[in-house]
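# What the coordinates show
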Amino acid sequence: MIKTHHIQTILMSLVIMLVAVMYWDVFVDLISIWSNKEEYNHGFMLPIVALYFLWQKRTLILSEKEPSSWLGYVAVFFSVISYFVGSIGDLFFLLRFSFIFLLIGLALLFVGYKATKSMLVPILLLVFSFPLPPVIESSLTAKLQLWSSYLGVSVIRACDIPVYLEGNVIDLGTYKLQVVEACSGLRYLFPLMSLAFICAYMYQVIFWKRAVLFLTSIPITVLMNSFRIGIVGILVQFFGNSAAEGFVHDFEGWIVFMVCFAILFAEMWLLSWQERKIRSWNDIFGITAVSPASANFTSISLVPFYNIVGLLILVIVFIKPLSAREDYIPQRKNFSLFPIELDGWNGVRDTLDSKTVDFLGLTDYVLINFQDKNSQVVNFYVAYYQTQKHGAVPHSPKLCIPGGGWKIADLDDTQYNEIKFNRVVIEKGDNKQLVYYWYKQGNKNIANEFSLKWSTFISSLNYRRTDAALIRLTTALAPNEDVGAADKRLENMLFRVNEQLSQFVPN
């Protein structure tokens, strides 16, 4: 007769295989992101570190093993719901977090509540390998660019070097430096937060000191990245653009990361000054375990194993195929056919550079400068995404506007001819512009980015469509011109282009 622990081993192996099948696409997507995005390169190491921590605590976990906790079924339920919603809406961040919920649920069911507490931090460490949702990441990147640019310029000015900051562009007179997305600091922030989380876990002191260590990794990264930008500006001033390119630029980045790590270590040393009076550093910084003699190898019920195996098979058979569905791509006209004459308005086409197009990830776009008989100009721009899978989403203008040196003087959502849109007044020195922008998805005109995400989920669920477009109208205000006149100009153009849009952004 097969012994119970042998059956457990077989069932556990089956659970591992089923989980691997269930999340295979998620794992492949994560590996692709870790390989291609520098800010997430550290993702390869975190599963290994998490497994190492679990291995080091294996005897403690076994010693704390107890009967299954009903909370495990609650966690598994949340995991399945998240997996279902993520599969329907192609929301990979939900699919990733469903994996975390599942791991916690399995731990609660297989080793009980007390042992799961010892496993919780290594499991949560995996979260730091997950990319942020695109909407949040683009917003955070834009803000970090502005902060890093401002603080970097402060460093340059402290050295009595004349410099002018316009958005994300640092003007040194002879040279101009643009603080692009890669220099926002995310490439240091995520790895350093992961490292700080690991250090806080190994730091055997009271909780508030661990919390301080982890939380201070954020301002340390922002300040050090800004300092790096300032140093780059100073070096460029004396040695030219070569100081901001190639090996020198990358080497400066490594120096910044190592300095950040040194600051974290110094912080740990200072915070533990009282503990070091009575304990050695090896006792303060390390992983607590118990001797093998105290391990509890008592078997638990096989019922949770059978339940989980059955549930995972159902998920793989009925829910997983939903994520493999191809989006329905509606028929539409290419924007190259968009008319350049609209009832008294004559347009001239413009183009975006290839780097911008690649960064935006759009499928098709149109950029036209329209002019009326009074020489009033309206810039018309539409970015169309035939699918919003894998992070290809419209970028909000309110995140990009400050990067060009413009300040948002007024922002509100309004409506004209049943079209809801954002109305933005922007300023740069004495120059003013009025901007209307909104998102179009099917028959809906949407002003809010998060409403767009919800609409995308519903559209994917009902119609297998995630296509959407960002539409933007911009006009400059003449000196002393009333904003109301600019409103009439954009409303006139909005009415004209909306008559044409359904051919290019399908209902």
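The structure contained in this document is the topic of the report that follows.

The rules behind the values
Residues numbered from 1 in each chain as written. Predicted model: local features only at pLDDT ≥ 70, side-chain atom pairs only at ≥ 80, totals over all residues. Heavy atoms only, no water. Buried < 20%, exposed > 50% of the residue type's maximum accessible area, 1.4 Å probe, protein only. Helix = DSSP H or I, 4+ residues; strand = E, 2+ residues; numbered from the N terminus. Pairing = 2+ DSSP bridges. Contact = heavy atoms within 4.5 Å.

Of all 11 residues in strand 10 (residues 431–441), 8 are buried; the element is thus mostly enclosed. Examined bridge by bridge, strand 9 (residues 419–428) and strand 10 share 7 bridges and lie antiparallel to one another. Residue V424 lies in a different strand from strand 10, and its bridge partner there is V435. Counted along the chain from strand 9 to the antiparallel partner strand 10, the turn is 2 residues long, and its residue G429 has a positive phi close to 65°. Across 9 bridges, strand 10 lies against strand 12 (residues 468–477) in antiparallel orientation. Among the inter-strand pairings, K440 is bridged to a residue of strand 12, identified as A469. Across 3 bridges, the pairing between strand 10 and strand 11 (residues 444–446) is antiparallel.

Right, let's get into the environment of I408. Here I408 lies in strand 8 (residues 407–416). Take I408: its relative accessible area is 34%, and that puts it in the partly exposed class. Between the alpha carbons of I408 and D171 there is a distance of 21 Å; along the sequence they are 237 residues apart. Apart from the residues lying within four places of it in its own chain, the contact partners of I408 are K398, I401, V424, V425 and I426.

A separate point is unusual backbone geometry. Phi at S375 is positive, roughly 65°, even though this residue is not glycine. By secondary structure assignment, the location of S375 is in the loop between strand 6 (364–371) and strand 7 (377–385). When its relative accessible area of 48% is taken as the criterion, S375 is described as partly exposed. Phi at N480 takes a positive value of approximately 70°, unusual for a residue other than glycine. When you line up the elements, N480 lands in the loop between strand 12 and helix 17 (483–501).

The next subject is the environment of P134. Topologically, P134 is positioned in helix 7 (residues 134–158). The class of P134 is partly exposed, set by a relative accessible area of 28%. Measuring from C-alpha to C-alpha, the distance between P134 and K57 comes to 36 Å, with 77 residues separating the pair along the chain.

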